[in-house]
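Observations on the three-dimensional arrangement
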2 protein chains.
Amino acid sequence: MKVVQTKEEVRAWRRASDQPLGLIPTMGFLHEGHLSLVRRARDDCARTAASIFVNPAQFGSEEDLETYPRDLPRDLGLLEAEGVDLVWTPTQEEMYGDEFQTWVTVESVAQPLEGAERPGHFRGVATVVSKLFHVFEPQRAYFGQKDAQQAVVLSRMTRDLDFSVEIVVCPTAREADGLAMSSRNTYLGADERRAAPVLYRALQGASKAYEGGMREADGLRLLMYETLLAEPLVKTQYVSVANPETLEEQFGVVERALVSLAVFLGKTRLIDNVVLGGGLLA
Amino acid sequence: MKVVQTKEEVRAWRRASDQPLGLIPTMGFLHEGHLSLVRRARDDCARTAASIFVNPAQFGSEEDLETYPRDLPRDLGLLEAEGVDLVWTPTQEEMYGDEFQTWVTVESVAQPLEGAERPGHFRGVATVVSKLFHVFEPQRAYFGQKDAQQAVVLSRMTRDLDFSVEIVVCPTAREADGLAMSSRNTYLGADERRAAPVLYRALQGASKAYEGGMREADGLRLLMYETLLAEPLVKTQYVSVANPETLEEQFGVVERALVSLAVFLGKTRLIDNVVLGGGLLA
């Protein structure tokens, strides 16, 4: 496995072979979710590359950029064990350079949910992913369903700007108790960690009600609020039943829906989601 | 020469050969300026392609989108005579599709000059050129120095977003009397056309003063204002002596400068520029 720091090294590696490339963009501190993306990429593509870059542009000024967990040696070991061909670990300076001033902004699908709670977040994501797409020129890029709105935003960006890359969205990896894997889970204290599976229980409650015939968006939201309220450590930020393509909040009867939520457990912000009525996001 | 309407046809043509491609993006109604870009691209690149698309996203609501001159048969004849290999003539629907909502925005270099007079213009330009770069994947793209700020904005965008394309800026083509060639010159009435060379005379006045040792930005601007004021049909919008990289307006002594101006002649808006202290923009 090749580990490089500069764009020029990535480009040189890329030019050396025109075999299809699968890209897994990450912020490091890898977990089983990331590795499942790598495995899927290895199945799909002759070559696989990952990037590890904690992207300042997608963090708000009040957010956890400074404390975001990092462990590069461990990450490289995990990626090497999965057979990744190249890893790019740019510095901030290498990524953004001097006088950086160009932004990629996705409008309506980036506005609700995470976009409403994290102003500028998706602008940072769309911009850095555009740059990654230009540096790597991958045929496919892999993202987790856990960050469902990110997947929708990047799919929209890819279509709108005519990137010739396929966005592949892979299932959320979960701990045995249902907690969605996230690098931020490491922030949780013991009590918070014990409480954290309530997110998935709330989503499962909505799923089961849906399977039992419940189609009222308000009813599904109410069910989830009730489950979350029963856990005193949780402070709910939003509970949403949204159109899976437009991310518009739904009212009345729904046939397909992205059901998602965001909560604080102490200072740690967690998100999770399921899609009702079929399939992953695309 | 192949003439195609869809992105898919462009991509299929592109995939059929990996020879270096030079792209000339245009809004059609071609003149000698466009053709000089084509010739330069033909000299530099094994294959050349042009696009003809009057891009609504770069016109303000009060601007001349509806009346912008168009003559596709003539344009295709000119491009064929120059030996262009492929021309893409997309419809608005093909270019933007449904629910388009992703924009590329360049910040500080897009704010003064044309950006101040034409809000949203460079957002439209940067977005459509990003799309063209993704559809064509050219090695080089050719733009005229006449639209100097556009060249600076696109160079900045290309660096910031890591596009692997070289932006080539070619000299402004001029009529015998010095008027910079522009598709919009066709709007000019006979009296306006006779008055129009005053733009270049004003720029030449500044150039000659600079060559004679004048280095005061205010003095250069004043000289140009005086020349323009002597022509009663001209209404000056701006006269600028700016840093050629940052486009910040300069005060005091200048060694290099982008000297530019924008005027109305009746309802027709014209721009022109020269670079003092060496070379084209890069």
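All values derive from a computational prediction rather than experimental measurement. (Residues numbered from 1 in each chain as written. Chains lettered and ligands numbered in written order. Predicted model: local features only at pLDDT ≥ 70, side-chain atom pairs only at ≥ 80, totals over all residues.)

**Digging into the relation of the copies chain A and chain B**
Note the cut-off: Least-squares superposition of the copies uses the C-alpha atoms of those residues scoring a pLDDT of at least 70 in each of them. The contact criterion used here is simple: two residues whose C-beta atoms, placed from the backbone, lie within 7 Å are in contact.
With an RMSD of 0.0 Å, the fit of chain A onto chain B corresponds to turning through 180 degrees and sliding 0.0 Å along the axis. These values place the two chain copies in the arrangement generated by a two-fold rotation axis. Of the C-alpha atoms belonging to chain A, the one lying closest to the rotation axis is found on A:Val104, 2.3 Å away. Looking at chain A, 100% of its interface residues are interface residues in chain B too, so the copies touch through the same face.

**Details of the interface of chain A and chain B**
Heads up, the rule is: Put simply, DSSP H or I for four residues or longer makes a helix, DSSP E for two residues or longer makes a strand, and each gets a number counted from the N terminus. Residues were grouped as follows: Ala, Val, Leu, Ile, Met, Phe, Trp, Tyr, Cys and Pro as nonpolar; Asp, Glu, Lys and Arg as charged; and all remaining residues, including Gly, as polar.
Each partner contributes to the interface: chain A provides 23 residues, whereas chain B provides 23 residues. Elements that contribute at least two residues to the side of chain A that touches chain B include exactly helix H1 (7-15), strand E5 (102-106), helix H6 (121-136) and helix H7 (148-160) of chain A. Ranked by residue count, the leading element in the side of chain A that touches chain B is E5(A), at 5 residues. Grouping the amino acids of the side of chain A that touches chain B by side-chain chemistry returns 9 nonpolar, 7 polar and 7 charged.

**Considering the nonpolar core**
We apply this condition: When buried Ala, Val, Leu, Ile, Met, Phe, Trp, Tyr and Cys residues are joined through C-beta atoms within 7 Å, the set is termed a nonpolar core. Buried means a residue has 20 or more other C-beta atoms within 10 Å of its own C-beta, exposed means 12 or fewer, and partly exposed covers the counts in between; C-beta atoms are placed from the backbone.
Within the largest apolar cluster, 153 residues are counted, with the highest numbers of intra-cluster contacts made by A:Ala126, A:Val153, A:Leu199, B:Ala49, B:Ala126, B:Val153 and B:Leu199. If near-sequence neighbours (up to four positions away) are discounted, B:Ala126 is found in contact with B:Val104, B:Thr105, B:Val106, B:Val153, B:Leu154 and B:Met157.

**Here we look at the sheet that holds strand E9 (residues 257-265) of chain A**
Residues and elements named next belong to chain A. Defined as follows: When DSSP finds two or more bridges between a pair of strands, those strands are recorded as paired. Every angle, taken between N-to-C directions, lies between 0 and 180 degrees, and every axis is a line fitted to C-alpha atoms, over only the stretch in contact when it is a helix.
Strand order in the open sheet made by the 3 strands is E8-E9-E10, with antiparallel pairing throughout. Among the strands making up the open sheet, the edge pair consists of strand E8 (234-242) and strand E10 (268-276). Geometrically, the sheet is characterised by an average inter-axis angle of 15 degrees between neighbouring strands, direction not taken into account. As paired elements, E8 and E9 share 8 bridges and run antiparallel to each other. Paired with Tyr238 across the strands is Ala262, a residue of E9. Together, E8, E9 and E10 form the strand contacts of helix H9 (residues 198-211), whose direction differs from that of E10 by roughly 20 degrees. In the packing of helix H10 (residues 217-229) onto the sheet, contacts are made with E8 and E9, and the angle to E8 comes to roughly 160 degrees.

**A look at the domain arrangement of chain A**
Frequently, the measure chosen for interface size is the accessible area that the parts lose on association. Residues and elements named next belong to chain A. Put simply, the test is: Domains are outlined according to an automatic or database domain assignment.
Domain assignment breaks chain A into domain 1 (2-170) and domain 2 (183-276). Measuring from the centre of the C-alpha atoms in domain 1 to the corresponding centre in domain 2 gives 26 Å. Listed by partner, the interface residues are 14 residues for domain 1 and 15 residues for domain 2. For the side of domain 1 that touches domain 2, the secondary-structure elements that each account for two or more residues are helix H5 (114-117) and H7. For the side of domain 1 that touches domain 2, the element with the highest residue contribution is H7, accounting for 3 residues.

**As for the sheet that holds strand E1 (residues 2-4) of chain B**
Residues and elements named next belong to chain B. The sheet built from 6 strands is open, its strands ordered E1-E4-E3-E2-E6-E7 with parallel pairing. Looking at which strands have only one partner, the edges of the open sheet turn out to be E1 and strand E7 (166-170). Averaged over all pairs of adjacent strands, the angle between strand axes in this sheet comes to 25 degrees, irrespective of strand direction. Sitting on the sheet, helix H1 (residues 7-15) is in contact with E1 and strand E4 (86-88), with an inclination near 145 degrees to E1.

**Concerning the pairing of strand E3 (residues 47-52) of chain A**
All names here are of chain A. As a reminder of what qualifies: Viewed with both strands pointing away, a crossover whose connecting path from the first strand over the helix to the second turns clockwise is right-handed.
Across the 6 residues that make up E3, a large majority, 6, are buried. Burial of the side chains of E3 extends over both faces: Arg47, Ala49 and Ser51 are buried on one face and Thr48, Ala50 and Ile52 on the other. Of the pairings in the sheet, the one linking strand E2 (residues 21-26) to E3 comprises 6 bridges and is parallel in character. What sits directly across from Thr26, in E3, is Ile52. A crossover connection joins E2 to the parallel E3 through helix H2 (residues 32-44); in handedness this β-α-β unit is right-handed. Here 3 bridges tie E3 to strand E4 (residues 86-88), and the two strands are oriented parallel to one another. By the bridge assignment, Ser51 is partnered in E4 with Trp88.

**Considerations on H6(A)**
Residues and elements named next belong to chain A. As a reminder, the rule being used: Residue count minus one, scaled by 1.5 Å, sets the expected span of a helix.
With 16 residues, H6 should cover 22 Å at 1.5 Å per step; its first-to-last C-alpha distance of 22 Å lies within 8% of that length. Across the 16 residues of H6, 14 count as buried, placing the element largely inside the fold. Residue Glu137 follows H6 closely and has a positive phi angle near 45 degrees.

**Side note on the pairing of strand E7 (residues 166-170) of chain A**
All names here are of chain A. Burial of E7 is extensive: 4 of the 5 residues sit out of reach of the surface. Note: strand E6 (residues 140-144) against E7, 5 bridges, orientation parallel. Its bridge partner lying in E7, Ala141 is registered against Ile167. Crossover E6 to E7 through H7 is right-handed.

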